[in-house]
Structure formats: C-alpha cells, structure tokens
Amino acid sequence: MKKEMMKLLVSHEIFTEEEATKLDSINEETIEKAIKELGFGKTEHITKEKISEFLETEKIGKDILCFRKVFSTNSISKFLANHGAEEGTILVSEIQTNARGRSGKKWEAPEGGVWMSMILRPDVPPAKIGLITLATGVAIAKAIRSLDVDAKIKWPNDVLIKGNKISGVLTEVNATFNQIEYVVVGVGIDSNLKLEDFSEDIRIGTTTLTEEAPTKVDENELIGIFLNEFEKVYDIYLNGDIEDILTEWRALSDTIGKYVNITQTGGHMTQGYVVGINNEGSLILERQDGTLEKIISGELRTI
Ligand code: BTN
C-alpha cells in the first residue's frame, strides 16, 4: 500500500501506525474495500447477517460494515464518505477506543454498547441539518421504548431514562455554502453495559439498558429496530413533512415545560422556561423578564 495512503488512514484515525503497516497485502485501488476486508478483526457478536434479520429498510443499511474495534465509527464513516460511500452505509463497531461526543468531549465506548454511524447524502439545504439530529433522537427513543423502557429526549438529542442519559448523537457534516456533500450521524447507546463499565466521573447522570430494561437486549436487534425507525423518520424529513417530526419529538420531549440553564456554543449562559422548539429545531426559551430567546445549540441542564 502506498505510503501516502497509509498516512491518510492513520491521520483519519482509522488505523494506528502499527496496523497500517500490516495493510501491505491489500488492494491499493480501493481503500473502501481494504477497510471492509481488513477491518479490525472479526466481531464477536454484532454481524451484518444478524442485523439484517431485523431490517425492514430500503436504503438505510444497504451496506453494513461491522468492526471489532476502531478509534471512532464517525471518523471511518467520514473517510468512507469522502471516498464515495453511498447514502445508507452503516458502520458498527463493538468497541471504540477514541470515540467523540458533542462539544469536543470524549465518549466512552467499551464492549457491550451500540456504537454506530450512518452515512447520509440528503438533498436539502445545509440549514436543515439540525433536524436530522432531532429525527435521530426520535428514532433512538422509539427503538428503546420498543423494549418497554420509558425513554425521553433531552434537547437537542440526548436520550434519557428517568433523567439519566442512555444515548447521544454526534452529527458531522461536509457541506459547501448551499450543498451537502454528506452527513455522518453517529449514535451511541449504552445497551449491555453496567455503570461500573464507565469511568467514575461519568457514572452519575448515566444509565444503561442493563440497568433499565426488563430483559437482556440483543444488540443486533436493537440496531435493526433503530435503523427501521430511522428510515421512517428520515423519509418524512426528506419529504419535507417537518411538522410530523416535530410533533413526535415534542411528544417524547423531556425538556419542554422545564426550567433550564443553557451554556450556548461560545460559553454564553442563559436561563429560562422551555416553551418549545420551532420548525428549525431551535429551542424557544422564555426568560425571567418574559422575553423569548431562540437557542440554536448548546448544553442544557434542568434547574
Ligand atoms: C454525545 O456527546 O452525546 C454524542 C455521543 C456520540 C457517540 C457516538 S458513538 C458512535 C459515533 N462515533 C463517535 O466517535 N461518536 C459517535
């Protein structure tokens, strides 16, 4: 394999330097194929075949790549999307060693969770991307609720059970000023994990399906159910029926009607009562003086 290609794979955090040197035998022409074939070892319980048993989708999950261990499924997905991977390609890894959360935070992704990314190429203006993230939150909450667990959404897209976080979404976009090249939507669900599997500082405020669900969850099934739910909501999004998504989001919301503190991107703090979300997915806050404020992005804490 060419030196430049190896450098690229390492810089995209797809392989460590040591692993990249093992790629010599792989067909140079198609990196995508190399990643598919070599991956990071054989998975132990998540497979394309098992996920497909539960799939009822047309385009989401047309191609599913499963890895044992990667740095970050979002990083690989961005790399593949840059090399032409199609809309609906899904990447799953049983373990992530360098996963990323929102606001530049690290995301712990040990064995037992659902860690996956979806490559999308929606033909919509870049301003509409925030709604994909909301739609993803709806699909995750519905998938978890199908397991008999009362999942709710905290704006913009954390999924909570009894106020504790069980899932998060990291959306990364490659777009010019008026055209989306691709969107990578990363989804993490703390499924077959115990609180002890996480470092002590994140245990408070976190929960898992092992702690909350009545029976053990099959990760392949959960991924399948989620992808089915996602395709439904994504089709609604592509058809422009935004109000339908917002109605579902509002019905599942754990945020509307609460008093909150918000740290906006850039550090600005705001406090107020959450009146609702508008049709761009922005939060509408009523401040103490009665004025309304639109919040596009930020970290929210219930008071
Ligand atoms: C959050 O901060 O709430 C977002 C967490 C997103 C984590 C997922 S796990 C799969 C995908 N790959 C990553 O590196 N991050 C996302």
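Refer to the structure above for everything that follows.
In this text the structure is predicted, and so the values were computed from the model without any measurement.

Caption draft 1: Spotlight on the overall build of the protein chain. On a plain count of helices and strands, the protein chain comes out with 10 helices and 12 strands. Taken over 303 residues, the protein chain has a buried fraction of 52%. A sequence separation of at least 24 residues applies to 64% of the contacts in the protein chain between residues at least 6 apart. Accessible area for the protein chain stands at about 14300 Å²; split by element, carbon and sulfur atoms hold 49% of it.

Caption draft 2: Just the packing of aromatic side chains, in detail. Across all of its chains, the model carries five aromatic pairs by this definition. Ring geometry for Tyr234 versus Tyr237: centroids 6.1 Å apart, planes at 15°, classification stacked. Of the two residues, Tyr234 and Tyr237 both sit in helix H9 (residues 219-238), three residues apart, roughly one turn of that helix. Centroid distance Tyr259 to Tyr273: 5.1 Å. Interplanar angle 55°. Geometry classified as tilted. Here Tyr259 is found in strand E8 (residues 259-264), whereas its partner Tyr273 is found in strand E9 (residues 269-277), with 14 residues between them in sequence. On the basis of relative accessibility, which here comes to 54%, the residue Tyr259 falls in the exposed class.

Caption draft 3: Inspection of the pattern of salt bridges at higher detail. As enumerated under the stated definition, the model contains 21 salt bridges in all. Linking Asp158 and Lys165 is a salt bridge whose minimum nitrogen-to-oxygen distance equals 3.0 Å. On the basis of relative accessible area, Lys165 is assigned to the partly exposed category, the value being 24%. Across the pair Lys258 and Asp254 runs a salt bridge whose closest N-O atoms are separated by 3.3 Å. Judged by its relative accessible area of 29%, Lys258 falls in the partly exposed class. A network of salt bridges, in which partner residues are shared, links Glu44, Arg68, Glu94 and Glu111.

Caption draft 4: Focus on the site of the ligand. Ser72, Gln96, Arg100, Arg102 and Lys165 are the nearest of the 19 residues found near the ligand. Here a nitrogen atom of the ligand and a side-chain polar atom of Gln96 are 3.0 Å apart. Lys165 is positioned such that a nitrogen or oxygen atom in its side chain is 2.6 Å from an oxygen atom of the ligand. Across the complex, the protein chains shield 97% of the 420 Å² of accessible surface that the ligand would expose by itself. Listed by contribution, the elements that provide at least two residues to the shell around the ligand are helix H5 (73-82), strand E3 (114-120), strand E6 (164-175) and strand E7 (180-189).

Caption draft 5: Layout of the sheet that holds strand E12 (residues 298-302). Taking strand neighbours across the sheet as the criterion, the five strands line up as E11-E10-E9-E8-E12 in an open arrangement whose pairing is antiparallel. At either end of the open sheet lies a strand with only one pairing partner, and these are strand E11 (292-295) and E12. Direction aside, neighbouring strands of the sheet carry axes that sit 45° apart on average. Pairing between E9 and strand E10 (residues 283-286): four bridges, direction antiparallel. Across the sheet, residue Val274 finds its bridge partner in E10, namely Leu285.

Caption draft 6: Up close: the packing of helix H6 (residues 129-145) against helix H10 (residues 242-252). Interhelical geometry of H6 versus H10 gives an angle of 50° and a closest axis separation of 10 Å. One way to sum up the angle between H6 and H10 is to call them oblique. The two elements H6 and H10 cross, and the hand of that crossing is left-handed. Contacts from Leu131, Leu134, Ala135, Val138, Ala141, Lys142 and Arg145 of H6 reach H10 at Ile242, Ile245, Leu246, Glu248, Trp249 and Leu252. Here the contact of H6 with H10 is composed, by residue class, of 10 nonpolar, no polar and three charged.

Caption draft 7: Here's a closer look at the nonpolar core. Met116, Met118, Ile144, Leu209, Phe226 and Leu227 are the most contacted members of the largest nonpolar core, which has 62 residues in total. Residue contacts for Leu227: discarding those within four places in its chain leaves Ile51, Leu55, Thr57, Ile60, Ile90, Met116 and Met118. Counting residues in hydrophobic clusters, the runner-up holds 12 residues, among them Leu80, Ala85, Leu91 and Val184.

Here is what the cut-offs are and how they apply
Here the residue numbering is sequential within each chain, running from 1 through the sequence in written order. For this predicted model, a pLDDT threshold of at least 70 governs which residues receive local features, and a threshold of 80 or more governs which side-chain atom pairs are given and counted, while totals over whole chains, interfaces and linings are taken from all residues. Each side-chain value is worked out from all heavy atoms of the structure, with water and hydrogens disregarded. By the criteria applied, helices consist of DSSP H or I runs no shorter than four residues and strands consist of E runs no shorter than two, each listed in order from the N terminus. Relative accessibility thresholds used throughout: buried, under 20% of the residue-type maximum; exposed, over 50%; partly exposed, between the two (1.4 Å probe, protein chains only). Whether two residues touch is decided by their heavy atoms; if any such pair falls within 4.5 Å, the residues are in contact. In short, Shrake-Rupley with a 1.4 Å probe defines the accessible areas, and a residue's cover is counted only from the protein chains shown. Centre distance within 6.5 Å is the pairing criterion for rings of Phe, Tyr and Trp, where only the six-membered ring of Trp is used; planes under 30 degrees apart are then read as stacked, over 60 as edge-to-face, and the remainder as tilted. We define a salt bridge as a side-chain nitrogen of Lys or Arg found within 4 Å of a carboxyl oxygen belonging to Asp or Glu. Here a residue is considered near a molecule or strand provided that any single heavy atom belonging to it is located within 4 Å of it. In protein, a polar contact means a hydrogen-donor-capable atom and an acceptor-capable atom, both N or O and within 3.5 Å, with residues adjacent in sequence counting only if both atoms are side-chain atoms; elsewhere, any N or O pair within 3.5 Å suffices. At least two DSSP bridges between two strands are needed for those strands to be called paired. Every angle, taken between N-to-C directions, lies between 0 and 180 degrees, and every axis is a line fitted to C-alpha atoms, over only the stretch in contact when it is a helix. By definition in this entry, angles of less than 35 degrees are roughly parallel, angles greater than 145 are roughly antiparallel, angles of 65 to 115 are roughly perpendicular, and the rest are oblique. Take the far helix as your reference; a near helix turned counterclockwise from it by less than a right angle gives a left-handed crossing, and one turned clockwise gives a right-handed crossing. Gly counts as polar in this scheme, as do all residues outside two lists: the nonpolar Ala, Val, Leu, Ile, Met, Phe, Trp, Tyr, Cys and Pro, and the charged Asp, Glu, Lys and Arg. In these notes, a set of buried Ala, Val, Leu, Ile, Met, Phe, Trp, Tyr and Cys residues joined through side-chain atoms within 4.5 Å is what counts as a nonpolar core.

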